[in-house]
Amino acid sequence: MDNAYEYAKQRYADLGVDTEAAINTLANKAISINCWQGDDVQGFDQKDNALSGGIQTTGNYPGKARNFEELTADFEKAVSMIPGKKRINLHASYAVFTDKNPWVDRDKIEYKHFKPWVDWAKEHGFGIDFNPTIFSHPKMNHDMSLSSPDPETRKFWIDHCIACRRISEQIGEELDDQVLDNIWIPDGLKDWPADRLGPRMRLKDSLDQIFEEKCPHVIDSVESKLFGIGLEGYTTGTGEFYLSYAAKHPGVYDLLDIGHYHPTENVADKIASLLCFFDKVPLHVTRPMRWDSDHVILFDDTIRDLAQEIVRCDAMDKTIIGLDFFDASINRVGAWVVGTRSMEKSLLFALLQPNKELKNLQDTYQFSEKMMVNEEIKTEPFGIVWDEYCRRQNVPVDTECWPKVKQYEDDVLLKRD
Ligand code: RNT
Ligand code: ZN
């Protein structure tokens, strides 16, 4: 076995690539794993669990997590098969209510409702990221929140976002870390708008109010979108809107979600543009299929391109990689495992390219050689290095994962219904 890795290491070394350096770099990069894959974006705070805001989970695979205990147990199972550093990405709807800390509405949530998450994260060495939950709630008045024409509705959601920033700040203090607090709203209209400017001016004003308080442990981001199901005619928070907002407000970053652009747009290409103006680029990595369907990400061209950009821009420390997929038609633990491993795998693949040499070939106009080197590297023994990385991280290699997921399904998940 060792011989296989030694052989692969030498093959890469012959191309000027250091596999040890790649493995070490990858081991230090955290991936923020979305908690919401574990329960189809349901959360714990609403009785009526219908998902709203133009996003959808489809499928009814058995065994979804129904509470904090089940969600954390499933997550722990998943990460036992995931190499590298991990963060958990929480939504405000995952507030933990108990007899001591009974239910409050989203404008009144506090740190104490998330303390169980923080204690658990500390125990396992996970970082935490956070999101206001501005969907699946009775106050989503005609699918409008921060851009609503109704002052009371708008106030409710502004207060919610302020509460979320305070919670994020305290989580950051507790973990001695920075917490990404990402705002996404579904606000939009089903049919063509009569007024495009009004909602955007209201959204701008809402954001100004939300970001007023200084929160040194918080990294703020805003996430744009093209359209949602039932919101095809107009989206308040578009790419241009949020990019301009972030550019004018130091400390607020523009988050790129791969599923939120026109299908032929290459989101990987946007990273290098943002890096000319921002010191951080937060991402939502997902797999849109025909629309923003949020399929589980795979080790495919799109994710490899994205990873390649991160590596070639020397942006491992500047990108904040968050995952954003939710598929209710498959085993949810398996979804986490494959999605997160695919992200890790793509980054390793990118780190194992002769990136310096390729850059140099571009800058010296040696385009034929650049094309040929780029092709040659694709068939190098990548899988052997990936296996070695998994082994060093004490997680199973690819072929060992499904039996473990299936065992957990039989022992735990199928007993839930
Ligand atoms: C929706 C956005 C948003 C959500 C999560 C649940 O289109 O991508 O990020 O998926 O916040
Ligand atoms: Zn997203």
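No experiment lies behind these values; they were computed from the predicted model shown.

**Q** Would you mind showing me how to read helix α6 (residues 197-210) here?
**A** Residues that lie three or four places apart on an α-helix share one face, since the helix turns once every 3.6 residues. Taking 1.5 Å as the rise per residue, α6 with 14 residues should run 20 Å; its terminal C-alpha atoms sit 20 Å apart, in good agreement. Of the positions making up α6, those classed as buried are G198, P199, L203, S206, L207 and I210. When α6 is viewed along its axis, its buried side chains cluster within an angular range of 165° and face the same direction. Packed against the buried residues of α6 are α5 (151-175), β4 (179-183), β6 (218-223), β7 (234-235) and α7 (239-248).

**Q** Would you mind showing me how to read the pairing of strand β12 (residues 319-323) here?
**A** Most of β12 is tucked away: five of the five residues are buried. Judged from the five bridges that link them, strand β9 (residues 281-285) and β12 form a sheet pairing that is parallel. Each residue of the ladder has a partner; that of L283, found in β12, is I321.

**Q** Explain the site of ligand 1 to me, please; I cannot follow it from the model alone.
**A** Surrounding ligand 1, one finds W36, I55, H91, W184, E223, K225, D257, H260, H284, D292, D324 and F326. Contact between ligand 1 and H284: an oxygen atom at 3.2 Å from a side-chain N or O atom of the residue. Within the complex, 99% of the 310 Å² of free accessible area of ligand 1 lies under protein. Residues of the shell around ligand 1, tallied by class, amount to four nonpolar, three polar and five charged.

**Q** Even after reading the chapter, I still don't get the coordination of the zinc ion (ligand 2), so can you show me in this structure?
**A** For a metal with four tetrahedral donors the ideal donor-metal-donor angle is 109.5 degrees, whereas six octahedral donors ideally subtend 90 or 180 degrees. For the zinc ion (ligand 2), every protein donor is listed as E223 (OE), D257 (OD), H284 (ND1) and D324 (OD), and the spread of their distances is 2.1 to 2.2 Å. Of note is the zinc ion (ligand 2), whose six donor atoms meet at the metal with angles of 72 to 169° in an arrangement that counts as octahedral. Sequence positions of the donors to the zinc ion (ligand 2) reduce to the motif E-x33-D-x26-H-x39-D. Of this pair, H284 sits in strand β9 while D324 sits in the loop between β12 and α10 (332-351); the two residues are 40 residues apart in sequence, bridging distant segments of the chain.

**Q** Explanation requested: the pattern of salt bridges in the structure shown.
**A** Working definition: two side chains of opposite charge can pair if their charged atoms are close together. Summed over the entire model, instances satisfying the criterion amount to 28 salt bridges. Between K122 and E174 there is a salt bridge whose closest N-O contact spans 3.0 Å. Remark: E174 occurs in helix α5 and K122 occurs in helix α4 (residues 115-124); sequence separation between them is 52 residues. A residue is classified by how much of its surface remains accessible, and K122, at 43% relative accessible area, is partly exposed. The class of E174 is partly exposed, set by a relative accessible area of 37%. Residue R391 is joined to E388 by a salt bridge in which the shortest nitrogen-to-oxygen separation is 4.0 Å. You can see R391 and its partner E388 sitting in helix α13 (residues 382-392), three residues apart, about one turn around the helix. Residue E388 is classed as buried on the basis of its relative accessible area, which comes to 11%.

**Q** Mind showing me how you'd approach the packing of α10 against helix α14 (residues 398-411) here?
**A** For any two helices packed against each other, the geometry is given by the interaxial angle and the distance between the axes. Axis separation between α10 and α14 bottoms out at 10 Å; the angle between their running directions is 160°. Taken together, the axes of α10 and α14 lie roughly antiparallel to each other. Regarding α10 and α14, the two cross each other, and that crossing is right-handed. Taking contact as the criterion, the partners of V333, G334, V337, R341 and K345 in α10 are, on α14, D398, C401, V405 and Y408. Per-class residue counts for the contact of α10 with α14 are five nonpolar, one polar and three charged.

Criteria and cut-off values
- Residues numbered from 1 in each chain as written.
- Chains lettered and ligands numbered in written order.
- Predicted model: local features only at pLDDT ≥ 70, side-chain atom pairs only at ≥ 80, totals over all residues.
- Heavy atoms only, no water.
- Helix = DSSP H or I, 4+ residues; strand = E, 2+ residues; numbered from the N terminus.
- Expected span 1.5 Å × (residues − 1).
- Buried < 20%, exposed > 50% of the residue type's maximum accessible area, 1.4 Å probe, protein only.
- Arc of directions from axis to C-beta.
- Contact = heavy atoms within 4.5 Å.
- Pairing = 2+ DSSP bridges.
- Near = heavy atom within 4 Å.
- Polar contact = N/O pair within 3.5 Å; in protein donor to acceptor, adjacent residues only side chain to side chain.
- Areas by Shrake-Rupley, 256 points an atom, 1.4 Å probe, with all protein chains shown as cover.
- Nonpolar A, V, L, I, M, F, W, Y, C, P; charged D, E, K, R; others polar.
- Donors = N, O, S within 2.8 Å, 3.2 Å for Na, K, Ca; no water.
- Tetrahedral: all angles 85-135°; square planar, octahedral: opposite > 155°, others 65-115°.
- Salt bridge = Lys/Arg side-chain N within 4 Å of Asp/Glu carboxyl O.
- Axes fitted to C-alpha atoms, helices over the stretch in contact; angles between N-to-C directions.
- Parallel < 35°, antiparallel > 145°, perpendicular 65-115°, else oblique.
- Left-handed = near helix turned anticlockwise from the far one by under 90°.

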